[in-house]
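Take a look at the letters that make up each chain.
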Amino acid sequence: MMATGTLNQYIQYVERMFRTANGENLARLLSLRDDHINNKNLRSSDIATLVEGNCVAPLDEIIIYHLCCVQALSVKDFMEAYHHQSQCVAAVVRLLQAQKEENWSLSLMYTVCLDLRLVAQKAELCDAQSNGKILEKAAESLLACFRVCAADNRTADEDTKRLGMLNLVNQLLKVYFRINKLHLCKPLIRAIDSSPFKDQFPLAQQITYRYFVGRKAMFDSDYRSADEYLSFAFQNCHHQSIKNKRLILTYLIPVKMLLGFMPAKRLLHKYDLLQFWDLVTAVKNGNLREIDHVMEEHESFFIRAGIYLIVEKLKIIAYRNLFRKVYLAENTHQIDIVSFQAALQIMGQVDVDSDETQCIVANLIYDGKIKGYISYQHKKVVVSKQNAFPPLSSLY
Amino acid sequence: MCPQDEIWLRKREKLIHILEVVGDNFKLVKSYSRSAADANIAVPSLLRPYSVLKKTVNYLLHEVGKQTNVPVIVIYDFLNDRLRAVRQDMTIQRLLPEQCMELLEPIIRFHVYFAYRLCEKAINEFDPVLNNKLLLECVKWFLSCADEMDRLNRCFNTHKTALSLDLLNLEDSKTMCDRVLVECLYILCNIENYQPLVRYLGLPSYIKRNPRLKLVYEIAIANIKNDFIRVCRLSHRLCPLTTCVFVIYLPRLQRNSLLIMSSAYNSKQLTVPTTILQDWMLFNSVVDVTECCKHYGLNVDNGVQFNKLSFKCDIEAHKPKLNNRLTGGQIINLHEVLTY
């Protein structure tokens, strides 16, 4: 659209789309990811004077900032581009505020907001000193949009701008995860969860949302919710979006493992996540030395994905599996602490003593992973006659 | 250390703190005032440059901090206010990151130390939450400066630069700028939180490999798994300031450990000797163990009788104790924590 043609034609076209309330096409005409940005006729060092007076307000300023941004991008000045795009977003905010009782321009808002985030990311990469400050600024612009949408509560359900909230929240979540400011997610999540449109948002947006909220729940050690959100995302994600499914699995697998469900090798193979396979085997066998080894080998993968600490927590599951083996081997309901201690030492925890072994067992009992009690005097663990090691999957 | 206008004003209005009276003279230090809407705080003549701020911090912590003829709480309130004014001056003139680090590091030591020193005080005398808020502000500021330095170093391709004082060429400073210490404190002060550990994992390797920091990371990891035996054992190797933080955390650790044991050692007949608990959870004495167990509703006879139903979960944690086994049964003094 508009890959050729003059500036005046472009302006007229934009105006027509605006007058006919054609949000989709308007959005494309003001997108940074459309063909028209390669149209040299739309570039000039003096866009402002060329557009001014040639176009109705408030569309003129949106066009000016947009084309200034295009101009800056063409010379790869991402910082400059970011400034123009953020002004473009601010102009769209004013437009939205002026449009009462209608929401056809939400597509335009989505587009300029997404573009803002992408440009900010580019600018961030070019400026080693910024350290997330540009993205943080971008988030403020997005929040301005969010406020306009969230405040639109007098309009009829089908025309309300509140329908645009989730798209923005997803953009914001992406920013906050990237700059590692997870505490800022909470009010956004609350806003969506309490929204009456919670289940009416487009499925694609819901999947993105649940993916991030699931990851957040994982960091907050709320593994049950994490499982719920991430499973929804995984099951509903389009089957051809292998990349996204792989991303979801990166978090869903360790969460599932903590809850006692081990992934099949076929699955790991399909999504190129075999890094987890050695871990699965080690956790199943209660092999602590092997877990350490896997953590070392895939350290950068685990750290980059942000799951290193979760993997560390999988050792607790490994303890449980190891002690269950001891219990089965001893075939008695009164097991000496020494036996558990020896097992730990064989499996790589060489410096463990009787006291720490008791502490590890105590935690498993407290979590309900072992049914029984410890006798300090006799240095024994007395386990329940029935179901001494209940299946992990039955615990949550 | 104090602008002339403020000296006149405070002398006239008789607003001189007892700690500003030195012999027959006054030694005033600029006090903190909130940036109100009509007050212009960005007046160059009211701001103290870096070298003066450095002297002020040294004077406050090393001279005023030594005073023994006024109650500790008065010293704390005074220093807290004046150091806050130092930070305000720093913010307004946007000092270089390395200068900020230099000034913040001793201030961080101050907040950590007094959180420990005043831990037995009542809430109306000392508010640990407020102190902790200021502490975290400083720590985060310090760390963001450190990150900025890291990035600059990377830009200039000078990898080996561990931040040290000789870079800054300061003659008369008594305190040192110890980044590893601040990284340690950040983890320990937020020991129940994942965020500092995530930060640790992403640190440049020359810092990550530091044995002091590794120790603190191990403690935090053991703590996540509720392995209190390991946590307590490792804690003996902490330095004085990290010990201060740990001593304050200890009651929460003990409470949590007792809760876990209430499930695991749950029995009507069997008990666990109090001496063992004293040893495991670093109680000062058997009396303390008994007192603490009773506080949480556990029965103590010959030993502690654990019962998961009688453990009071909703009760507040007991207060930390100044004299502690980890501190060698003595109170750590301010001078000691400022000079290593």
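Residues numbered from 1 in each chain as written. Chains lettered and ligands numbered in written order. Predicted model: local features only at pLDDT ≥ 70, side-chain atom pairs only at ≥ 80, totals over all residues. Heavy atoms only, no water.

**Some words on the sheet that holds strand β3 (residues 272-273) of chain B**
Residue and element names in this part refer to chain B.
Right, so step 1: Reading across from one edge, β3-β5-β4 is the order of the three strands in this open sheet, with antiparallel pairing throughout. Two strands in the sheet have a free side with no partner beyond their single neighbour: β3 and β4 (299-300).
Right, so step 2: One ladder, built from two bridges, connects β3 with strand β5 (residues 303-305); its direction is antiparallel. Across the sheet, V272 pairs through a bridge with V304, a residue of β5. (Pairing = 2+ DSSP bridges. Helix = DSSP H or I, 4+ residues; strand = E, 2+ residues; numbered from the N terminus.)

**Looking at the pattern of salt bridges**
Residues and elements named next belong to chain B.
Right, so step 1: In the structure shown here, the tally under the stated rule is 34 salt bridges over all chains.
Right, so step 2: R10 serves as the salt-bridge partner of E6, at 2.6 Å between the closest nitrogen and oxygen. One end of the pair is E6 and the other is R10, both in helix α1 (residues 4-12) and four residues apart, which spans about a single turn.
Right, so step 3: Overall, E6 belongs to the buried group, its relative accessible area being 13%.
Right, so step 4: Among the charged side chains, a salt-bridge network with shared partners connects E6, R10, E20, D81 and R82. (Salt bridge = Lys/Arg side-chain N within 4 Å of Asp/Glu carboxyl O. Buried < 20%, exposed > 50% of the residue type's maximum accessible area, 1.4 Å probe, protein only.)

**A short note on the nonpolar core**
Right, so step 1: Y10(A), F323(A) and L277(B) are the most contacted members of the largest nonpolar core, which totals 254 residues.
Right, so step 2: Discounting residues that sit within four places of it in the chain, L277(B) has contacts with L258(B), M261(B), V272(B), L282(B), F283(B), V289(B), C293(B), V304(B) and F306(B). (Core = buried A, V, L, I, M, F, W, Y, C linked by side-chain atoms within 4.5 Å. Contact = heavy atoms within 4.5 Å.)

**Focus: the UniProt feature "domain: PCI" (unreviewed entry) in chain A**
Right, so step 1: Under the UniProt annotation, "domain: PCI" (unreviewed entry) lies at residues 207-388 of chain A.
Right, so step 2: A distance of 39 Å separates the end C-alpha atoms of residues 207-388 of chain A, which is 68% helix and 6% strand. (UniProt positions renumbered as here; feature names shortened; annotations may be inferred.)

**So, the interface of chain B and chain A**
Right, so step 1: If you look at the interface, chain B gives 32 residues, while chain A gives 32 residues.
Right, so step 2: Taking both partners together, chain B and chain A bury about 3,100 Å²; carbon and sulfur atoms supply 58% of that area.
Right, so step 3: Counting every contact that joins chain B to chain A gives five salt bridges.
Right, so step 4: Between R230(B) and E356(A) there is a salt bridge, with the nearest N and O atoms lying 2.6 Å from each other.
Right, so step 5: Among the residues making up the side of chain B that touches chain A, the classes are represented as 20 nonpolar, five polar and seven charged. (Buried area = accessible area lost by both parts, 1.4 Å probe. Nonpolar A, V, L, I, M, F, W, Y, C, P; charged D, E, K, R; others polar.)

**So, the packing of helix α5 (residues 78-98) of chain A against helix α7 (residues 133-151) of chain A**
Residues and elements named next belong to chain A.
Right, so step 1: Direction vectors running N to C along α5 and α7 enclose 10 degrees, while the axes themselves pass 9 Å from each other. Classed by the angle they form, the pair α5 and α7 counts as roughly parallel. Counting all contacts with α5, which are made through M79, Y82, S86, V89, V93, L96 and Q97, the residues of α7 involved are I134, K137, A138, S141, A144, C145 and V148.
Right, so step 2: Split by residue class, the contact of α5 with α7 holds ten nonpolar, three polar and one charged. (Axes fitted to C-alpha atoms, helices over the stretch in contact; angles between N-to-C directions. Parallel < 35°, antiparallel > 145°, perpendicular 65-115°, else oblique.)

**Looking at the packing of aromatic side chains**
Right, so step 1: For the structure shown, the criterion picks out 23 aromatic pairs over all chains.
Right, so step 2: Their ring planes at 20 degrees and their centres at 6.5 Å tell us that Y319(A) and F323(A) sit as a pair that is stacked. Here Y319(A) pairs with F323(A), and both are found in helix α17 (residues 308-330), just four residues apart, close to one helical turn.
Right, so step 3: Judged by relative accessible area, which is 0%, F323(A) ranks as buried.
Right, so step 4: A ring pair is formed by Y376(A) and W280(B), whose centres lie 5.9 Å apart and whose planes are at 75 degrees; its orientation type is edge-to-face. Of this pair, Y376(A) sits in the loop between β2 (372-375) and β3 (380-383) while W280(B) sits in helix α12 (residues 274-280), each in a different chain. Both residues of the pair, Y376(A) and W280(B), count as buried.
Right, so step 5: In textbook terms, an aromatic cluster arises when at least three aromatic residues are bridged by ring pairs, as seen for Y76(B), F110(B), Y113(B), F114(B), Y116(B) and F126(B). (Phe/Tyr/Trp six-rings, centres within 6.5 Å; stacked < 30°, edge-to-face > 60°.)

**A few points about helix α10 (residues 203-219) of chain A**
Residue and element names in this part refer to chain A.
Right, so step 1: Taking 1.5 Å as the rise per residue, α10 with 17 residues should run 24 Å; its terminal C-alpha atoms sit 24 Å apart, in good agreement.
Right, so step 2: The element α10 is extensively covered by neighbouring structure, given that 14 of its 17 residues are classed as buried.
Right, so step 3: At the C-terminal side of α10, S221 shows a positive phi close to 60 degrees. (Expected span 1.5 Å × (residues − 1).)

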